[in-house]
Structure formats: C-alpha cells, structure tokens
Amino acid sequence: MFTVTLLSNPSNPVVGPAVVDSLRNAWGGGDALWLAPDVAAEFQVETVPANRWDVWADLQGMGVDLVVQPSEGRRKQMLLADMDSTMIQQECIDELAAQAGIGDHVAQITARAMNGELDFEEALCERVGLLKGLDSAVIETVLANRITLMPGGKALLVTMKANGAYAALVSGGFTAFTGMVAETLGFDEHRANTLIVADGKLTGEVGQPILGRDAKVAALHEITARLGLAADQVMAVGDGANDLGMLGLAGAGVALHAKPSVAAECDIRINHGDLTALLYIQGYSAEEFV
C-alpha cells in the first residue's frame, strides 16, 4: 500500500475537503484521515498513480504539496538535516558577506553552488577567501541579528525525539552556526566546517577536510552504523546540490524549498509546507505534535 499526503503551509491552509475528496475519488483511495484541518490529510492507494506528477504540478499552483510513498516504515528513527535554508531561513556565509559589504557577490556564488553549477568545495573556499580580515566578532552579530529558524523546526525535532528518533545536523556551513542551531532546536549532534580565526580576524581559510556532499553521505553511514539503524529508517532533508547524496540514500529524502535541479531528483518535494510537513508525511497528526 501507498500513502498519499496532501499538505499546505499552516499559515496558508488550503487543503480543503473538496481537494482531498476529488483526488481520493479519482485515484480510488481509501478513507481520508485528517492530520490537521485544512492543512494536511492522507489516504491510501494500492499502487502509485500513473499521473502522479501531472497532479502534483496542478496542485502546486494551488499551494498544495503532494507526496506519495510506501505506507510501511513511514515513521523514521533518525533525522539527518542540512542547516542553511533548511533548518534556518538564511545562508550563513551570505549573511557574513553582507556584513562585509560583499553580500550580493557572495550570494550569487552560493546560489550557483547550491544549484550544482559549481564545485561545492571550490566555491566554499572562494567565498571564505573573500571574508579574509573580517572581525570574528561579526559571527556573533550575525547569529544575534540575521539568523532566523525555519518555521516548524522545533516541533519537528521535539516530536521525533519524543518518539525515539535521533537527530543530526550536518551542514556545509560552519560550526559557529550549527552549534547554536543544534542547541536551540535539540539536535543530538552537529557537524560542519570550521572558519579559521587568528588574532580576532577571519583568515579566509576553512579547516580541512571540507564537509561537502561526500561528508554528508559519510555521516549518514557512520551515524546509522553507530545506532544500529538502516538507511531506510532515516529521514534526510536539504535544499542544495550537496545534499543529493544523503537525500538519495535515506529512506525518505525530502527536498525542502529546494533548488529546481535538486527537487527534480527527489520524490518528496515540499515547496509550500514548513518543517512540520516532515511530521505529516510520517503520519503524525497535529494533535501528536509535542
């Protein structure tokens, strides 16, 4: 059996009964189960509908995300999450660059790297090099004034952990930021790159080895092996090209507000919902959120 989930952003609840019933009838689905009124609902079908992606495209225009996945094993025992533009709403290096007065230039490089147009490690080194000489105190300024959490993140972490899951934050960003995000949201561990500082200034260098696409895959393998879990028990979430390795290996790889080239390679695409969407697609109702 397969579960069909329709969901929208909680701030714009547009999943009405008419939308759900129309699709359920067209696909010969079972009874609808409402996970949150006008926000998320699900029903079961025996096979994946042939016109799945055509319907997905139509629903996108209505502000509705559509996910079809095997019903068995939907609830995961581990969350492996990217940070920038996933657990937070910004790209940390772009915010540092903005403080240095080169925000637009660096943001353009970041966008190309996240879309897979540039080598991630080379692009990271280039961008960090442009920050050489920046006062390291700027990191605290950015953390305090420019970084905001992605809506739904706290509910996602607390609810999954209350149900026995392990949570790891694995970022191509920097430990100066993952430390704060991990502590605030309740991640069990975090991994990221290190900005080198000398005499209170950024040296323009990154600690080696650089954590990129391969390191995220390695994290999935290492953490699951340590916990005695299989890859299909993992839900991974990210938005950039450097996330594709872990998204492809995880039992549920979620492209969250992802770059088009990234979303195209993932079956679970959340473009409208917030991070609570990751709970709804596991079958959690809003009443079960912690």
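The notes below deal with the structure included here. No experiment lies behind these values; they were computed from the predicted model shown. (Residues numbered from 1 in each chain as written. Predicted model: local features only at pLDDT ≥ 70, side-chain atom pairs only at ≥ 80, totals over all residues. Heavy atoms only, no water.)

### As for the side chain of Arg127
Next, step 1: Take Arg127: it is sitting in helix 5 (residues 120-129).
Next, step 2: Here Arg127 is buried and forms no salt bridge, its nearest opposite-charge partner Asp94 lying at an N-O distance of 4.8 Å.
Next, step 3: At a separation of 2.7 Å, a polar atom in the side chain of Arg127 contacts the side chain of Thr110.
Next, step 4: If sequence neighbours within four positions are ignored, Arg127 has contacts with Ile93, Val106, Ile109, Thr110, Ala113 and Phe120. (Helix = DSSP H or I, 4+ residues; strand = E, 2+ residues; numbered from the N terminus. Buried < 20%, exposed > 50% of the residue type's maximum accessible area, 1.4 Å probe, protein only. Lys, Arg positive; Asp, Glu negative; His and termini not counted. Salt bridge = Lys/Arg side-chain N within 4 Å of Asp/Glu carboxyl O. Polar contact = N/O pair within 3.5 Å; in protein donor to acceptor, adjacent residues only side chain to side chain. Contact = heavy atoms within 4.5 Å.)

### Focus: unusual backbone geometry
Keep in mind that most residues, glycine aside, have a negative phi and that most peptide bonds are trans.
Next, step 1: Following Gln208, the chain continues into Pro209 via a peptide bond in cis, with omega recorded as -5°.
Next, step 2: By secondary structure assignment, the location of Pro209 is in the loop between strand 9 (201-206) and helix 9 (213-227).
Next, step 3: Even without a glycine there, the phi angle at Asp199 is positive, about 55°.
Next, step 4: Mapped onto the fold, Asp199 is located in the loop between strand 8 (195-198) and strand 9.
Next, step 5: Judged by relative accessible area, Asp199 falls into the exposed class, the value being 79%.
Next, step 6: Of note in the backbone geometry, His257 takes a positive phi value of approximately 45° without being a glycine.
Next, step 7: Turning to its location among the elements, His257 is positioned in the loop between strand 11 (252-256) and helix 11 (260-263).

### Concerning the environment of Ala50
Next, step 1: Secondary-structure assignment places Ala50 in the loop between strand 3 (40-45) and helix 2 (52-60).
Next, step 2: Classification of Ala50 as exposed rests on a relative accessible area of 86%.
Next, step 3: Between the C-alpha atom of Ala50 and that of Trp27, which follows or precedes it by 23 residues, the distance is 9.7 Å.

### Some thoughts on the nonpolar core
Next, step 1: Formed by 61 residues in total, the largest nonpolar core has its most connected members in Leu79, Met87, Phe177, Phe187 and Leu278.
Next, step 2: Residue contacts for Phe177: discarding those within four places in its chain leaves Met83, Cys92, Leu96, Ile139, Val142, Leu143 and Ile147.
Next, step 3: In this structure, Tyr166, Leu211, Met246 and Ala250 belong to the second largest nonpolar core, which totals 21 residues. (Core = buried A, V, L, I, M, F, W, Y, C linked by side-chain atoms within 4.5 Å.)

### Side note on the side chain of Ser171
Next, step 1: With respect to the helices and strands, the residue Ser171 is situated in strand 6 (residues 166-174).
Next, step 2: Among the polar contacts listed, one links the side chain of Ser171 to the side chain of Asp84, at a separation of 3.5 Å.
Next, step 3: Contacts of Ser171, omitting those with residues within four sequence positions, involve Asp82, Met83, Asp84, Thr178, Arg191, Ala192, Asn193, Leu211 and Lys216.

### Notes on the environment of Leu202
Next, step 1: When you line up the elements, Leu202 lands in strand 9.
Next, step 2: Look at Leu202 and you get buried, because its relative accessible area is 5%.
Next, step 3: Sequence separation between Leu202 and Leu134 is 68 residues, and the spatial gap between their C-alpha atoms is 5.4 Å.
Next, step 4: Dropping the residues within four chain positions of it, Leu202 is found in contact with Leu131, Lys132, Gly133, Leu134, Ser136, Ile139, Leu195, Ile196 and Val197.

### Concerning the pattern of salt bridges
Next, step 1: Overall, the coordinates contain twelve salt bridges when judged by the stated rule.
Next, step 2: Its salt-bridge partner being Arg24, residue Asp21 comes within 3.6 Å of it at the nearest N-O pair. Of this pair, Asp21 and Arg24 both sit in helix 1 (residues 17-27), three residues apart, which is roughly one turn of that helix.
Next, step 3: The partner of Asp239 in a salt bridge is Lys259, with the nearest N and O atoms 2.6 Å apart. Pair noted here: Asp239 is in the loop between strand 10 (234-238) and helix 10 (244-249) and Lys259 is in the loop between strand 11 and helix 11, with a separation of 20 residues, a long-range link. As far as burial versus exposure is concerned, Asp239 and Lys259 are alike and both buried.
Next, step 4: Shared partners join several salt bridges into a network, and the residues in it are Glu189, Arg191, Glu222 and Arg226.

### Remarks on the sheet that holds strand 5 (residues 78-81)
Next, step 1: On the basis of which strands lie adjacent, the open sheet formed by six strands has the order 7-6-5-10-11-12 and parallel pairing. Unpaired on one side and paired on the other, strand 7 (189-193) and strand 12 (268-270) mark the two borders of the sheet. The sheet shows a mean angle of 20° between the axes of neighbouring strands, taken without regard to direction.
Next, step 2: Here helix 9 sits on the sheet and contacts strand 5, strand 6, strand 7 and strand 10; the angle it forms with strand 6, its principal contact strand, is near 160°. (Pairing = 2+ DSSP bridges. Axes fitted to C-alpha atoms, helices over the stretch in contact; angles between N-to-C directions.)

### Description of the environment of Val14
Next, step 1: Inspection of the secondary structure puts Val14 in the loop between strand 1 (2-7) and helix 1.
Next, step 2: Judged by its relative accessible area of 28%, Val14 is partly exposed.
Next, step 3: When the C-alpha positions of Val14 and Arg213 are compared, they lie 35 Å apart, and in sequence the two are 199 residues distant.
Next, step 4: Look past the residues within four positions of Val14 in its chain and what remains in contact with it is Ser8, Val19, Asp38, Met62, Gly63 and Val64.

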